[in-house]
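Secondary and tertiary structure notes
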Amino acid sequence: MALLEDRWIAIHKETCQLTVLSKFSELSSFSKLSMECSWKNRDWEKLRLLCSSPAATSALELGDIDVKMNEIFLAIHDEKLHDIENLHAQTAQLCLYKWQLLPNVSSGCNAHLMLLRYFNRLVDIRESGQVMVEASQHTNGKSYPDLKNLLNAWRNRLPNDFEQLSVWDDVFQWRSYMFSAISKKFQWAEQSTLASLHDRPWSTIKMACTARRQDVIGVSLLSLSKLTDCAMDVNDAFSKLNEQILSYRYGSEDERKGGLNLINTTNLSYFDSIQKSELFRLKAEFLESLGGKTKATQAYCHAVQLCPTYTRAWISWGNLCWSLADLVETQGRRHMASSSAEDKEKKAANAKKVCQYLAQSMGCYLEAIRCDASEDSRINLPRCLIMLAKDGSCPGLLCTTFEKYATKLPSWIWLTWIPQLLSSLCRIEATSAKLLLQKVLSSYPQSAYFSLRSFYLERRDSERAKQSTVTKTTVNTSVLCAEDLMSNLRKCQPTLWSMLESILEELIIRFRPSYEEELLATISALLQRADSQIDHQRRANNSDEDAVRASFMKTLSRVSEKFFRVPNGHATPLKDQKAKKTLEFTMQYKDSFERDFFIQDDVKKKQLSLDDIFSKLNNWKDMLEKRVSSTPPIIPMTSMSQYLSAFSNNNPDLWTGSCDPPGSNSVESKKDSLENDKDSSPSSSAKAATKAAIVASAAVAAASALEGGGGSQGFGWTSVEIPGQYAPNSCSDAKPNPELHSKLIKFDTKVEVFQRNEHLVRRIGMVGSDGKVRQFLLQFAIPYWTKADERTTQLHLLLGKCLRKEPISCRRHLWIRSNAVIPIAQRLRMIAEDKSYTTLQDIFNLDCQLNGRDPLNSISAFNESLKTAVVPEESEMSLLNMTNKIDAFNKVCESVSSRLLSNYVQNRYATAELYFHFQRAFTLQTAMNCLLQYAFMVNERTPSKFIMNIRNAHVLSPDFRFSYTNQGFMDDIKPVPFRLTRNIQDFIGPFLLDGVFTTTIASASTAICKNEREIEQALQLICRDDIVSWYLSKSSQREGTQRSIQELEYQLADRVKKNVALIQSRFQHCSVKSLKDDETMKHDSCDYRVKELVSMATSTRNLVSMPSNYAAWL
């Protein structure tokens, strides 16, 4: 009952219902609540009685800070100025005493929040006492105090936008009292002078704005209603009117009509151009929501005419044109089935009309970015890229519009979408994409160089492979564009290009895995495929074993041809070190491989069964693992690469513009922007300091150019940066500052070699100019995997923005951080990962090593138990097989502890406090990872792909690839929605599982769903590129002639839309649901669907249905 009572009080505090709370406190004799309501209602006599009551005295003895705060309120009201300082010091000491009793501050811990809020209010209260002293002194002398600095400080000292409204109410209620007290003391002053002594209008409007953004419209209107008897200037009057109008924007039809009438009856003569433009923009939104799209278009036109640089008007107008194009396209689908001449004309007219609307929409979006490249305007860049596909097979109106406006935008806004710009080189918009990439390479060459180089090599090899079947003019378009970009970069910045090429060449040649490692990786992939084939056979009633065996033998023949290719008989290739290694490897393994699998004997090849093939593959895997394991775990860099070990660089200059390439005019542009910028600070000191800094920067640039310091701006642009510092690999997509990026000074002296996903990987360290060592994994992977990881970083950046915008996710400190992925070559990539990361498989291997067990024994025991237990009869086979699987699973669980992860973390965190902080942070990160696994249908979450940081509990998402069916649709039929196996579940514990894990998934899904419209086109762009890349990786080897990418996109367009709709539906499925929407009333919680997913992920029947390499017992 006490819990329900506390929640009821908290809800009414959130809605600022002081009258209800006052009545409740009187009826329930709740003294603490009565004191709070008393000072907020200005009932000081009642507060004085409550503070002297026995209940308040006993609470004060127990260290209640609120009672002490109420005493300060009374002292300020009674103007007992000598008591204010003493009471303030006592309250501060009490807060500090409570602070030292709390655990250390850590990320995601809310234990210190309340005390931090008390400290914030104590600063306000102390300043309030000083204001009362100054007010008394100036009142006696009939003069006015200077409160400008104080009011400016109070504007900046506010709670976070996502904090509860009760926190905002506590701050603004006290400030409102102070403004009233000041007005009362200076009531003899003129209204204009009195208005400068307080900030009541701004504070009230700010409270209303915060309430509206948190969807508490009632509190917003209640706050605005208090400004009836207060003098306001024009800006405050407009802000109040704007908040009133916005409160009606998403209401009922009558409320929207009321908002429209409020705009129409407003006198606009007092407002400036931006304010008038905003009112016309709101008018257009109301007209659009009421069905008047034509009038809305006229209102938007009037808005941008009043202020051509108003960004929000351009964005809203672009949204209207987009909706009109979608409406016309929907109407045009009615004529798709008919083939009559009249319907064909209608379809052509509709297509032309759609392109016109989309061109207008694109122009509005790009113009908005030109006016202000804020995050709200940049979110529409993916939509502009998606529109280009509507032009058809040749450039049309949309491509012309894109080239006209996009090339005028700042180059840094395209950094997040460089992979999409590179893929656009293969489409009709290649000319525009090339110009944009050229601008990016001119301003930020190292942001796009790695991706461009990898793209060029991949496309060049692909075009050479199909040169015999495709005409030359079609073949070389993307290759020529990429080659021109590389050539221009080499000519403009030869020093930087030479250093980058030398480093990449060493990484590609010196860190290439041995032939044994590549063959081991191939055999491991075949065995994983074998596990899935065995699992498929067990599920199917009539499996075709001969077809599966023939497929494996064909694959083994291709493996033999690839790895054991005998070099030409000439003597010269033997001089090459690579040719020598190839010949030695072939002579050592070729005969054994062909003899085991009968590569040359077709008769004996047909006699091999699947079990024989899998057994021999396992023998080869064991043999190769023994050879590969002889590689030392630590290798000196000098033995790997003499060039990289000797590489050295100096710290570059860090002044503004020092890292700008030659020919840029950053200093001059800053001068122009400064001259055009209006001074909004209370004094001109900030402007003077900024102007002095720019003048000094220009002087240094001129001196550097005169001394030959490397270009027109400085020497920093020739320094090699440590990769991964540009969007989307960084945490922000704001304008980068290359002069603040960490530059590569040297490479670490040691190279670490270890096993990951049954592959040997190398970890190198790069020492930066900031003194930090950033570590990267060098991995060999097919191009599709690298591109998928690049899209994953874009996805994480996109969803991270959604989490930062919504209060429901910010209050829980939810975040997603992208992991840097840098393509080096077609099959080589670098991934940012330091030594503190470990996998669940590593923890299991460590436990097996300590106990003298083989890590593969668990999988072998599970498979052997199934082989001996399968019943051949068809009757009740599925039920018996499931029972046998559960028995085999339980038998393996008896030998594998469920506390491996818990013990591993416990050994590294000695105290229970540190253990709990890590446990809670791990729960938050795992919940976010599980949500993405479920929403994007990511499979293959084996123990080696569950990677966590033992230092900060960050959980990575390596090899985050969408799961597709053979038809190209996302595979939504899986036994488990995400990985939540025994060790993970045991480490999280039942309390955090119910209290943190499920609520995190529900809160994050709700935050993403609220931004569904903003990210829909970005999701469509990412899904489009992913399915095209997946299709080409699957079909390029089978098709004799490869279709163009754009033609393929047209055929896969419907699949992309359905996949995006499925992703959004899964986020909706996990979001918070109101119990009113549940007509059956079967559920008692708003996150019951997430709990159902947790139940599915932990169900034994579902876990045993996963392949054996999933290792569900871990």
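Predicted model only: the values in this text are computed from it and were never measured.

**Focus on the overall build of the chain**
A count of helices and strands for the chain gives 49 helices and nine strands. With 1114 residues in all, the chain has 50% of them scored as buried. A sequence separation of at least 24 residues applies to 72% of the contacts in the chain between residues at least 6 apart. Split by element, the accessible area of the chain, about 53200 Å² in all, is 52% carbon and sulfur.

**Examining the packing of helix 45 (residues 982-1010) against helix 48 (residues 1088-1098)**
The interhelical angle for the contact between helix 45 and helix 48, taken along N-to-C directions, is 145 degrees, at an axis separation of 9 Å. Both helix 45 and helix 48 take part in a crossing whose hand is right-handed. Mapping the contact onto sequence places Gln 985, Leu 993, Phe 997, Thr 998, Ile 1001 and Ala 1002 in helix 45 and Val 1090, Lys 1091, Val 1094 and Thr 1098 in helix 48.

**Details of helix 48**
For helix 48, the full list of buried residues reads Tyr 1088, Val 1090, Leu 1093, Val 1094 and Ala 1097. Packed against the buried residues of helix 48 are helix 44 (912-935), helix 45, helix 47 (1045-1070) and helix 49 (1100-1103).

**Concerning helix 14 (residues 234-247)**
In this model helix 14 runs 20 Å from its N-terminal to its C-terminal C-alpha over 14 residues, within 8% of the 20 Å that 1.5 Å per residue would give. All of the buried residues in helix 14 are Asp 236, Phe 238, Lys 240, Leu 241, Asn 242, Glu 243, Ile 245, Leu 246 and Ser 247. Tucked into the core, helix 14 has its buried residues touching helix 12 (200-213), helix 13 (217-224), helix 15 (253-264) and helix 16 (273-289).

**Description of the nonpolar core**
The biggest cluster of nonpolar side chains holds 235 residues, and the ones touching the most others in it are Trp 414, Ile 764, Phe 922, Phe 936, Met 948 and Phe 997. It is helix 45 that contributes the most residues to this core, 13 residues altogether. If near-sequence neighbours (up to four positions away) are discounted, Met 948 is found in contact with Ser 836, Tyr 837, Thr 838, Ile 843, Leu 901, Tyr 904, Val 905, Phe 918, Phe 922, His 954 and Val 955. Judged by nonpolar contacts, the second largest core, of 42 residues, contains Leu 47, Ile 65, Leu 147 and Ala 189.

**Quick look at the packing of aromatic side chains**
Taken as a whole and assessed by the stated rule, the structure comprises 40 aromatic pairs. Ring geometry for Tyr 964 and Trp 1030: centres 4.9 Å apart, planes at 35 degrees, overall tilted. Taken together, the residues Tyr 964 in the loop between strand 9 (947-949) and helix 45 and Trp 1030 in helix 46 (residues 1012-1035) connect sequence positions 66 residues apart. When sorted by exposure, Tyr 964 lands in the same class as Trp 1030, which is buried. By the ring-pair criterion, three or more aromatic residues cluster together here, those being Tyr 515, Phe 564, Phe 585, Tyr 589, Phe 593, Phe 597 and Trp 620. Its end group placed over the ring of Trp 497, Arg 490 keeps NZ or CZ at 5.3 Å from the ring centre. Between the NZ or CZ atom of Arg 1066 and the centre of the ring of Tyr 934, over which it lies, the distance is 4.3 Å.

**Some details on the confidence of the model for the chain**
Residues with a pLDDT of 70 or more make up 87% of the chain, whose mean pLDDT is 86. Low confidence marks residues 666-683, where pLDDT is under 50. Its contacts with residues over four positions away, or in another chain, come to 19 contacts. Between residues 706-714, whose pLDDT stays under 50, and residues either more than four places distant or in other chains, the model counts 26 contacts.

**Considering the pairing of strand 7 (residues 828-832)**
When a strand is regular, its side chains alternate between the sheet's two faces. When you tally the buried positions in strand 7, you get four out of five residues, the bulk of the element. The sheet contact formed by strand 5 (residues 773-780) and strand 7 spans five bridges and is antiparallel. Its bridge partner being in strand 7, Leu 777 is matched across the sheet by Ile 831. Bridge count for strand 6 (residues 821-825) against strand 7 is four bridges, and the pairing is antiparallel. Bridge pairing in strand 7 places Ala 825 opposite Leu 828. From the end of strand 6 to the start of strand 7, which pair antiparallel, there are two residues.

**Re the pairing of strand 5**
Of the pairings in the sheet, the one linking strand 4 (residues 759-768) to strand 5 comprises six bridges and is antiparallel in character. The residue of strand 5 that forms the bridge with Arg 762 is Leu 778. What sits between strand 4 and strand 5 in their antiparallel hairpin is a turn of four residues, with Gly 771 showing a positive phi close to 90 degrees.

**As for the environment of Val 628**
Mapped onto the secondary structure, Val 628 falls in helix 33 (residues 610-628). With a relative accessible area of 9%, Val 628 lands in the buried category. Put simply, Val 628 and Leu 760 are 132 residues apart on the chain and 8.1 Å apart in space, counted from C-alpha to C-alpha. Leaving out residues up to four positions away in the same chain, Val 628 has contacts with Glu 516, Glu 517, Leu 520 and Leu 760.

**Let's talk about the packing of helix 40 (residues 840-851) against helix 43 (residues 900-908)**
Relative placement of two packed helices is described by the angle separating their axes and the distance separating the axes. With their axes 10 Å apart at the nearest point, helix 40 and helix 43 run at an angle of 85 degrees to one another. Looking at the two axes, helix 40 sits roughly perpendicular to helix 43. Contact residues: helix 40 offers Ile 843, Phe 844, Leu 846 and Asp 847, while helix 43 offers Leu 900, Leu 901 and Tyr 904.

**Quick notes on the pattern of salt bridges**
Enumeration over the complete set of coordinates arrives at 54 salt bridges. With a closest N to O distance of 3.2 Å, Glu 518 and Arg 512 form a salt bridge. Exposure remark for Glu 518: the relative accessible area of 18% places this residue in the buried category. For the salt bridge of Asp 986 with Arg 899, the shortest nitrogen-to-oxygen distance reads 3.3 Å. On the criterion of sequence distance, the pair formed by Asp 986 in helix 45 and Arg 899 in the loop between helix 42 (877-895) and helix 43 is long-range, its members being 87 residues apart. On the basis of relative accessibility, which here comes to 35%, the residue Arg 899 falls in the partly exposed class. One salt-bridge network, held together by shared partners, links Lys 13, Glu 36, Lys 40, Asp 169 and Asp 170.

Rules used throughout
Residues numbered from 1 in each chain as written. Predicted model: local features only at pLDDT ≥ 70, side-chain atom pairs only at ≥ 80, totals over all residues. Heavy atoms only, no water. Helix = DSSP H or I, 4+ residues; strand = E, 2+ residues; numbered from the N terminus. Buried < 20%, exposed > 50% of the residue type's maximum accessible area, 1.4 Å probe, protein only. Contact = heavy atoms within 4.5 Å. Areas by Shrake-Rupley, 256 points an atom, 1.4 Å probe, with all protein chains shown as cover. Axes fitted to C-alpha atoms, helices over the stretch in contact; angles between N-to-C directions. Left-handed = near helix turned anticlockwise from the far one by under 90°. Expected span 1.5 Å × (residues − 1). Core = buried A, V, L, I, M, F, W, Y, C linked by side-chain atoms within 4.5 Å. Phe/Tyr/Trp six-rings, centres within 6.5 Å; stacked < 30°, edge-to-face > 60°. Lys NZ or Arg CZ within 6 Å of the ring centre and 35° of its normal. pLDDT = per-residue confidence, 0-100. Pairing = 2+ DSSP bridges. Parallel < 35°, antiparallel > 145°, perpendicular 65-115°, else oblique. Salt bridge = Lys/Arg side-chain N within 4 Å of Asp/Glu carboxyl O.

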